[in-house]
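Single-letter residue listing:
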Amino acid sequence: MSRLAGLLAALWAGVLACVAGIATPSAFALLPRAEAGRVAGRILAIEAHLSLALGLLLLMMSWRLARDAAEAGRGSRMSAELLLAAGTLFCTVAGYFAVQPMMEAARAGQGPWSFGALHAVSSIFFALKGLLVLALAWRLSRPAQTS
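Below, the structure is looked at part by part. Not measured: the values here are computed from a predicted model. (Residues numbered from 1 in each chain as written. Predicted model: local features only at pLDDT ≥ 70, side-chain atom pairs only at ≥ 80, totals over all residues. Heavy atoms only, no water.)

Once that is clear, we can look at the pattern of salt bridges. This structure, assessed with the given rule, holds seven salt bridges. A salt bridge links K129 to E47, with the nearest nitrogen and oxygen atoms 2.6 Å apart. A residue pair is termed long-range when its members are at least 10 positions apart, and K129 in helix α4 (residues 115-140) and E47 in helix α2 (residues 33-71) qualify at 82 residues. Taken individually, K129 and E47 each receive the classification buried, so the pair is uniform in this respect. (Salt bridge = Lys/Arg side-chain N within 4 Å of Asp/Glu carboxyl O. Helix = DSSP H or I, 4+ residues; strand = E, 2+ residues; numbered from the N terminus. Buried < 20%, exposed > 50% of the residue type's maximum accessible area, 1.4 Å probe, protein only.)

Remark: the empty space left among the atoms is shown by a probe the size of a water molecule rolled over them. Considered as a void within the structure, the largest pocket measures approximately 790 Å³ in volume. If you go around the largest pocket, you meet 28 residues; those closest to its centre are A40, G41, L44, M103 and H119. Elements represented by at least two residues in the lining of the largest pocket include exactly α1 (2-30), α2, α3 (80-107) and α4. The element that contributes the greatest number of residues to the lining of the largest pocket is α2, accounting for 10 residues. Residues belonging to the lining of the largest pocket are distributed by class as follows: 12 nonpolar, nine polar and seven charged. (1 Å grid on protein atoms, 1.4 Å probe; cavity = no way out; pocket = protein on both sides within 12 Å on 5 of 7 lines; lining within 4 Å. Points joined across faces, edges and corners; volume = space filled by probe spheres on them. Nonpolar A, V, L, I, M, F, W, Y, C, P; charged D, E, K, R; others polar.)

Right, let's get into the side chain of T92. Here T92 lies in helix α3. Only 3.4 Å separates the side chain of T92 from the side chain of K129, close enough to count as a polar contact. (Polar contact = N/O pair within 3.5 Å; in protein donor to acceptor, adjacent residues only side chain to side chain.)

By size, the foremost hydrophobic cluster in this structure holds 21 residues, and its most contacted members are W12, L58 and L136. Elements with a contribution of two residues or more to this core: α1, α2, α3 and α4. Ignoring any residue separated from it by four or fewer positions in sequence, one finds W12 in contact with S51, L54, G55, L58, T88, K129 and V133. (Core = buried A, V, L, I, M, F, W, Y, C linked by side-chain atoms within 4.5 Å. Contact = heavy atoms within 4.5 Å.)

Here we come to the environment of A85. Among the structural elements, A85 can be located in helix α3. With 44 residues separating them in the primary sequence, A85 and K129 have C-alpha atoms 9.5 Å apart.

A few words on α2. In an α-helix, one turn spans 3.6 residues, which is why side chains three or four residues apart end up on the same side. An ideal rise of 1.5 Å per residue puts 57 Å on 39 residues; α2 measures up with 55 Å between its terminal C-alpha atoms. In the segment just after α2, G73 is the residue with positive phi, at about 75°. (Expected span 1.5 Å × (residues − 1).)

Take the environment of A66 next. Tracing the backbone through its elements, the reader meets A66 in helix α2. For A66, a relative accessible area of 3% puts it in the buried group. With 12 residues separating them in the primary sequence, A66 and M78 have C-alpha atoms 6.7 Å apart.

Function cannot be inferred from these measures alone, as they are strictly geometric.
Put into structure tokens, the structure is as follows:
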């Protein structure tokens, strides 16, 4: 199961890299700013829902791997992989599902925060999620330890 979890995390990291490095920049390079923003928003909505599903799946897989390792006397139920998976979920929920509605309000001139400040916060959560997913993929791809 560790190899499957590592593969899922690596594929997820690839999706995040494609969204950040190819899809959203291409929209802004080819389309008028307002239309590009709508396209990027749709891409990020799809990515957020995918990230939520993959994050939950990897959290459950990491929990199972940690439980099995703890029962075999090779670690704790609170593994680094479990914490990394939980961190990716936090970044997804906070960075998209919490900040995005505030960005819409800021675009309409409501709320205490500017659109630019909220966009920066959302971008930081996205980047942090990418780093956590890479770390998770790295940790899950290491060879199994035998006792």
